[in-house]
Amino acid sequence: MSQDFYQHIFAKQQKLEAVPSNREITAWALKVIHLLYPEQTGQQYASVEELKDEFLRLENELCEIMHATKACSNCDTSKLAKKFFEGLPELFRVLNTDIQAIFNGDPAACSEFEVIRTYPGFYAISLYRLAHSLYVDDIPLLPRILTEYAHSKTGIDIHPAAQIDEYFYIDHGTGIVIGESCKIGKHVKLYQGVTLGALSVDKSMANTKRHPTVQDNVVIYSGATILGGETVIGHNSVVGGNVWLTKSLPPNSRVYHTPNHRVLKRLSIKLFGHKK
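Residues numbered from 1 in each chain as written. Predicted model: local features only at pLDDT ≥ 70, side-chain atom pairs only at ≥ 80, totals over all residues. Heavy atoms only, no water.

Under an unreviewed UniProt entry, the chain has the name Serine acetyltransferase and belongs to Mucilaginibacter gossypiicola.

Below is the structure:
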């Protein structure tokens, strides 16, 4: 390799924007979630005071992470960290509605403990809701790092800017994509492979609503693709598997994909040289 190449890489390192490692940032977020849901770790504290001290320690840790992040250099880190932790009771309440939705909606779920401990949908939702709380306070970088971590672990890609109401249920989850300007109402259920995306990826549309709105009590089955910022799925609708939608649906709609398959019935099949 040439000296110019080495010089170019070295120059990039000198200009590197300061930000703590993804591991440090996600470790902090997971500690917050584990405090809210000790079912995930089994960790217990000896007293309420000890628990309060741990929350305060994590608040200070968030301050340190933001302080060490160059993009947060103009942030009031103490004020933002305090605001985030003051909002935890509401975040906890909403997450509990998600747990309830998953438990009530999945016949295979034996307990809420099982949902909290094992379900990838809840794992992705919990990191999304934490990241969204940071996002709405204009904290840079950290929200996207957290949701991409959840994406890497579960295959569920939720942009931290998406607006998702309570009782949100992700079933299985792998391959779900929820875009930046999505709006999702209450009691919405998504199956694996659902895409709520944009019709265009042109950079000039960065500050426009590019992703769909899904109203209350909607079920979207696996493999469905719904695109466009003007696309609205009306409340109490069902979108079947593998449906492709770029136009709005009125409330109480039912849309299903009609496969173009023919089943041919054979009267006789040879098995090992014999007619069956």
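Following the structure, the description resumes.
### Observations regarding the overall build of the chain
As a reminder of what qualifies: In DSSP terms, a helix is any run of H or I states spanning at least four residues, a strand is any run of E spanning at least two, and both are numbered starting from the N terminus. For every residue, the accessible area obtained with a 1.4 Å probe (protein chains only) is divided by the maximum for its type, and the residue is called buried under 20%, exposed over 50%, and partly exposed between those limits. Per-residue and other accessible areas were derived by the Shrake-Rupley procedure at a 1.4 Å probe size, with only the shown protein chains allowed to occlude residues.
Along the backbone of the chain there are 8 helices and 16 strands. A principal-axis box enclosing the C-alpha atoms of the chain has dimensions of 75 × 60 × 50 Å. Every one of the 276 residues in the chain was classed for burial, and the buried ones make up 43%. Surface accessibility of the chain: about 16100 Å² in total, with carbon and sulfur atoms responsible for 53%.

### Some thoughts on the sheet that holds strand β4 (residues 177-178)
Filter applied, for reference: Think of it this way: DSSP has to see at least two bridges between two strands before they count as a pair.
Read across the open sheet, the 5 strands follow the order β1-β4-β7-β10-β13; overall the sheet is parallel. Edge positions in the open sheet fall to β1 (157-158) and β13 (244-245), since each of these has one partner strand only. In terms of strand pairing, strand β7 (residues 195-197) meets strand β10 (residues 225-227) through 3 bridges, oriented parallel. Directly across from G197, in β10, lies its bridge partner L227.

### Some details on the state of the cysteines
Put plainly, a disulfide is one covalent bond tying together the sulfur atoms of two cysteines. Heads up, the condition is: Cysteine sulfur atoms that pair up within 2.5 Å are treated as a disulfide.
Scanning the entire structure with this criterion turns up 0 disulfides. No disulfide involves C75; its nearest neighbouring cysteine sulfur is the one of C72, lying 4.2 Å away.

### Thoughts on the nonpolar core
This is how it is decided: Only buried residues count toward a nonpolar core, which is a set of Ala, Val, Leu, Ile, Met, Phe, Trp, Tyr and Cys residues joined through side-chain atoms within 4.5 Å. An automatic or database domain assignment provides the domain bounds reported here. Residues are treated as being in contact if the distance between any of their heavy atoms lies within 4.5 Å.
By size, the foremost hydrophobic cluster in this structure holds 69 residues, and its most contacted members are W28, L130, I178, L196 and I220. Among the elements of the structure, α2 (22-36), α3 (48-67), α4 (77-86), α5 (88-105), α6 (112-118), α7 (120-135), α8 (142-154) and β3 (169-170) are those that each provide at least two residues to this core. Each of domain 1 (16-155) and domain 2 (162-257) accounts for three or more of the residues forming this core. With sequence-adjacent residues up to four places away left out, L196 is seen in contact with V177, I178, G179, C182, I184, L190, H211, P212, V214, I220 and I226.

### So, α3
Convention followed: By this rule, a helix spans an expected 1.5 Å times one less than how many residues it contains.
An ideal rise of 1.5 Å per residue puts 28 Å on 20 residues; α3 measures up with 29 Å between its terminal C-alpha atoms. Every buried residue of α3 is accounted for by E54, L58, E59, E61, L62, C63, I65 and M66.

### What about the domain arrangement of the chain?
For clarity, the threshold we go by: We count a salt bridge whenever a side-chain nitrogen from Lys or Arg sits within 4 Å of a carboxyl oxygen from Asp or Glu. Pairs of N or O atoms are called polar contacts if they sit within 3.5 Å, as long as, within protein, a hydrogen donor faces a hydrogen acceptor (for residues adjacent in sequence, only side-chain-to-side-chain pairs).
Split into domains, the chain comes out as domain 1 (16-155) and domain 2 (162-257). Across the boundary between the two partners, domain 1 contributes 18 residues, which contact 17 residues of domain 2. One can count 1 salt bridge joining domain 1 with domain 2. Here E166 makes a salt bridge to R93, at a shortest N to O gap of 2.9 Å. For the pair domain 1 and domain 2, the interface holds 10 residue pairs in polar contact (both at pLDDT 80 or more).

### Examining the UniProt feature "domain: Serine acetyltransferase N-terminal" (unreviewed entry) in the chain
To be explicit about the condition: UniProt positions are given in the numbering used here, feature names are shortened, and annotations may be inferred rather than shown by experiment.
Look at the UniProt record and you will see "domain: Serine acetyltransferase N-terminal" (unreviewed entry) annotated at residues 70-125. A helix fraction of 73% and a strand fraction of 0% characterise residues 70-125, whose end C-alpha atoms lie 28 Å from each other.

### Here's the deal with the environment of F122
Relative to the helices and strands, F122 is located in helix α7. The exposure class assigned to F122 is buried, which follows from its relative accessible area of 0%. Along the backbone, F122 and A198 are 76 residues apart, and their C-alpha atoms lie at a distance of 25 Å. Discounting chain neighbours no more than four positions away, the residues touching F122 are Y37, Q40, L95, I99, I102, V115 and I116.

### Some thoughts on a nonpolar patch on the surface
The condition is simple: Patches here: salt-bridge-free residues with over 30% relative accessible area, like charges joined within 9 Å, nonpolar side chains (Val, Leu, Ile, Met, Phe, Trp, Tyr) joined within 5 Å.
Together, M1, F5, Y6 and I9 make up an exposed nonpolar region whose accessible area comes to about 440 Å². Among the secondary structure elements, Y6 is positioned in helix α1 (residues 3-14). For Y6, a relative accessible area of 43% translates into the label partly exposed.

### Describing the packing of aromatic side chains
Let me state the cut-off plainly: Pairing of aromatic side chains requires ring centres within 6.5 Å, counting the rings of Phe and Tyr and the six-membered ring of Trp. Pairs whose planes differ by under 30 degrees are stacked, by over 60 edge-to-face, and all others tilted.
This model, assessed by the stated rule, comprises 7 aromatic pairs. Pairing F5 with Y6 gives two aromatic rings, centres 6.3 Å apart and planes at 65 degrees, and the pair type is edge-to-face. Considering the side-chain rings of W28 and F85, the 6.4 Å spacing of their centres and the 75 degrees angle between planes classify their relative orientation as edge-to-face. Of this pair, W28 sits in helix α2 while F85 is found in helix α4, placing the two residues 57 residues apart along the sequence. One aromatic cluster in this structure is built from W28, F84 and F85.

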